[in-house]
2 protein chains.
Amino acid sequence: MTALENLIQTLSRLPGIGVKSASRLAYHLIKTEKSYNQNLAQAIATIQERVFPCSECGSFTETDPCPVCGDPSRDRSQLCVVEQPQDVVTLQSSGAYNGLYHVLGGAISPLDGIGPEHLSFAKLIKRIEKGSFSELIIATNPTEEGDTTALYIRHILKEHPELSITRLASGLPIGGDLEYADRITLARSMRGRVRF
Amino acid sequence: MTALENLIQTLSRLPGIGVKSASRLAYHLIKTEKSYNQNLAQAIATIQERVFPCSECGSFTETDPCPVCGDPSRDRSQLCVVEQPQDVVTLQSSGAYNGLYHVLGGAISPLDGIGPEHLSFAKLIKRIEKGSFSELIIATNPTEEGDTTALYIRHILKEHPELSITRLASGLPIGGDLEYADRITLARSMRGRVRF
């Protein structure tokens, strides 16, 4: 295999990059400034040494605890449970939440062989027993796996009636169009309609 | 800037990769096997040392001359002129051509400041004078820049009447649908209709 074929094949193993895109990227890398390639190679080679899961919430961080867990100004009575580390970044960028996070590491998905034992539920319970949370916000994805995971969380927390359990609202995305909404989203937004 | 932000920003400078895709790729790279990242980093860091333009045709190669120019079984009476090195790979994969190639390095585009002096026309003339070509196939893109470049090639070769100059056919893409064809393609395929 030539160096070019090897680069294309390696790039095409990245998610969302097919052989055509990989080939386009490879030709770009041949022609771009050498310093860019060196910087990119260095960034890829060292990312796993620099970034690791926060020992408290499980989101990716370069300091332990992560900046969110270590921030004294955050509301320590709210805990938001998400599937993936990147969900923390997404929710943070919304600016609508000032509490703490808990990253499960995925969602329950029997078809993919992911059961509760693969996710950080034990740690979640421990954090709730040690902490002083009054609200737990479930922010798993609005998918079958996310729904199953949400139900499971409610189930394992039934011995904590002091905790108010909520879930992110489902409905029409802002800026969306009724015409393009799928039936399930439409049905959910109708059932979950709010007083105006 | 954190290592993660740096990786996302560096990835997002690649063509066709926006900040969202870059972020998705970065999170994938944090979680994937370490050996994959090392291989990818190595492939990116060394690609420019391994791959260079062929001294004859200008396509990217790892040996000089490139496998096509060095292949004694190819027809040395045909020369196909393309814009970019990757166009050689694309045409080779069609299996419809067994002659030699000439890579211009782009197309004439006054708006982008690319004039004939930036492309390898001088070398093209030299090759034609030294070689024994009987046909020159213009395979520039069917765009305004490609059309301009094709006209320019015909102009500079008017002192070579021994050379039959042809151009790739334009028309409806195979597997396409009349309904989805754009007006210009449709007009070209009508004007260029062939006896059936």
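Owing to the predicted nature of the structure, the values given are computational and were not obtained by experimental measurement. Along each chain, numbering runs from 1 in the same order as the chain's sequence is written. Following the order in which they are written, the chains are lettered starting with A and the ligands numbered starting with 1. Only residues with pLDDT of at least 70 are given local features in this predicted model, and only at 80 or more are side-chain atom pairs given and counted; all residues enter the totals for whole chains, interfaces and linings. For side-chain calculations, the full set of non-hydrogen atoms in the structure is used, while hydrogens and water are omitted.

### Thoughts on the side chain of His-102 of chain B
Numbering of helices and strands starts at the N terminus; helices are DSSP runs of H or I of at least 4 residues and strands are runs of E of at least 2. Note that His-102 of chain B resides in strand 4 (residues 100–103). By definition, residues are in contact when any of their heavy atoms lie within 4.5 Å. Ignoring any residue separated from it by four or fewer positions in sequence, one finds His-102 of chain B in contact with Cys-57, Leu-79, Cys-80, Val-81, Val-82, Ser-120, Lys-123, Leu-124 and Arg-127 of chain B.

### Describing the pattern of salt bridges
Where charged atoms from two side chains of opposite charge come close, those side chains can pair. The term salt bridge refers to a pairing of a side-chain nitrogen on Lys or Arg with a carboxyl oxygen on Asp or Glu at a separation within 4 Å. Counted under the stated rule, the structure contains 10 salt bridges over all chains. In this structure, Arg-50 of chain B and Glu-62 of chain B form a salt bridge, with 3.8 Å as the shortest nitrogen-oxygen distance. Of this pair, Arg-50 of chain B sits in helix 3 (residues 34–50) while Glu-62 of chain B sits in the loop between strand 2 (60–61) and strand 3 (78–82), placing them 12 residues apart in sequence. Classification of residues uses two cut-offs on accessible area relative to the type maximum, computed with a 1.4 Å probe and protein chains only: under 20% is buried, over 50% is exposed, and between them is partly exposed. Residue Glu-62 of chain B is classed as partly exposed on the basis of its relative accessible area of 25%. With its nearest N and O atoms 2.8 Å apart, the salt bridge here joins Asp-147 of chain B to Arg-167 of chain B. Remark: Arg-167 of chain B occurs in strand 6 (residues 164–167) and Asp-147 of chain B occurs in helix 6 (residues 144–156); sequence separation between them is 20 residues. Residue Arg-167 of chain B is classed as partly exposed on the basis of its relative accessible area of 32%. What emerges from the salt-bridge pattern is a single network uniting Asp-147, Arg-167 and Arg-188 of chain A.

### Points about the relation of the copies chain A and chain B
Our superposition of the copies is a least-squares fit, built on the C-alpha atoms of residues whose pLDDT is at least 70 in both. Expressed as a screw transformation, the operator carrying chain A onto chain B has a rotation angle of 180° and an axial translation of 0.0 Å, and the superposed copies differ by an RMSD of 0.0 Å. Expressed as a symmetry operation, the mapping of one chain copy onto the other fits a two-fold axis. Minimal C-alpha distance to the rotation axis in chain A is attained by Ala-41 of chain A, lying at 2.0 Å.

### Points about the interface of chain A and chain B
The accessible area lost on association of the parts is a frequent measure of interface size. Listed as interface residues are 40 residues of chain A and, on the opposing side, 40 residues of chain B. Buried area between chain A and chain B, both sides added, is near 4,100 Å², and the carbon and sulfur share of it is 67%. When residues of chain A are sorted by the area they lose upon contact with chain B, Tyr-27, Ile-44 and Gln-48 of chain A head the list and together hold 16% of the total. Our count for the chain A to chain B interface comes out at four salt bridges. Here Lys-34 of chain B makes a salt bridge to Glu-49 of chain A, at a shortest N to O gap of 3.8 Å. Whenever a nitrogen or oxygen atom comes within 3.5 Å of another N or O atom, the pair is scored as a polar contact, on the condition that within protein one atom can donate a hydrogen and the other can accept it, and that pairs from neighbouring residues in sequence are kept only if both atoms are in side chains. At the boundary of chain A with chain B, the tally comes to 20 residue pairs in polar contact (both at pLDDT 80 or more). By definition, the buried area sums, over both parts, the 1.4 Å-probe accessible area that each loses when the two are put together.

### Observations regarding the domain arrangement of chain A
The split of the chain into domains comes from an automatic or database domain assignment. Split into domains, chain A comes out as domain 1 (3–50) and domain 2 (77–167). Computed over C-alpha atoms only, the centres of domain 1 of chain A and domain 2 of chain A are separated by 35 Å.

### Comments concerning the sheet that holds strand 6 (residues 164–167) of chain A
All names here are of chain A. Two strands are said to pair when DSSP picks up at least two bridges between them. A sheet is described by the order of its strands in space; here four strands give the open sequence 4-3-5-6, paired in parallel fashion. Each edge of the open sheet is held by one strand with a lone partner, namely strand 4 (100–103) and strand 6. Going across the sheet, the axis of each strand differs from the next one's by a mean of 25°, ignoring polarity. Sheet analysis places strand 3 (residues 78–82) next to strand 5 (residues 135–138), joined by four bridges and oriented parallel. Within strand 5, the position partnered with Cys-80 by the bridge is Ile-137. Strand contacts of helix 4 (residues 85–94): strand 3 and strand 4, with the helix running at about 155° to strand 4, the strand carrying the most contacts. Where helices are involved, their axes are fitted lines through C-alpha atoms of the stretch in contact, as for all axes, and angles between N-to-C directions lie from 0 to 180°.

### As for the packing of aromatic side chains
Residue and element names in this part refer to chain B. Two rings from Phe, Tyr or Trp (for Trp, the six-membered ring) form a pair when their centres are within 6.5 Å of each other. A pair whose planes differ by under 30 degrees is stacked, one over 60 is edge-to-face, and the rest are tilted. The final tally for this structure, using the stated rule, is six aromatic pairs over all chains. Between Tyr-97 and Tyr-101, the ring centres sit 5.2 Å apart and the planes meet at 70°, which makes this aromatic pair edge-to-face. For Tyr-97, a relative accessible area of 14% translates into the label buried. Look at Tyr-101 and you get buried, because its relative accessible area is 1%.

### Considering the nonpolar core
The nonpolar core is taken to be a set of buried Ala, Val, Leu, Ile, Met, Phe, Trp, Tyr and Cys residues, with the residues joined through side-chain atoms within 4.5 Å. Leu-11, Leu-29 and Leu-40 of chain A together with Leu-7, Leu-11 and Leu-29 of chain B are the most contacted members of the largest nonpolar core, which has 44 residues in total. Put simply, the parts of the chain that give this core at least two residues each are helix 1 (3–11), helix 2 (19–31) and helix 3 (34–50) of chain A together with helix 1 (3–11), helix 2 (19–31) and helix 3 of chain B. Once residues within four sequence positions are removed from consideration, Leu-7 of chain B is found in contact with Leu-40, Ala-43, Ile-44 and Ile-47 of chain A together with Ala-26 and Leu-29 of chain B. Counting residues in hydrophobic clusters, the runner-up holds 17 residues, among them Leu-104, Ile-128, Leu-136 and Ile-153 of chain B.

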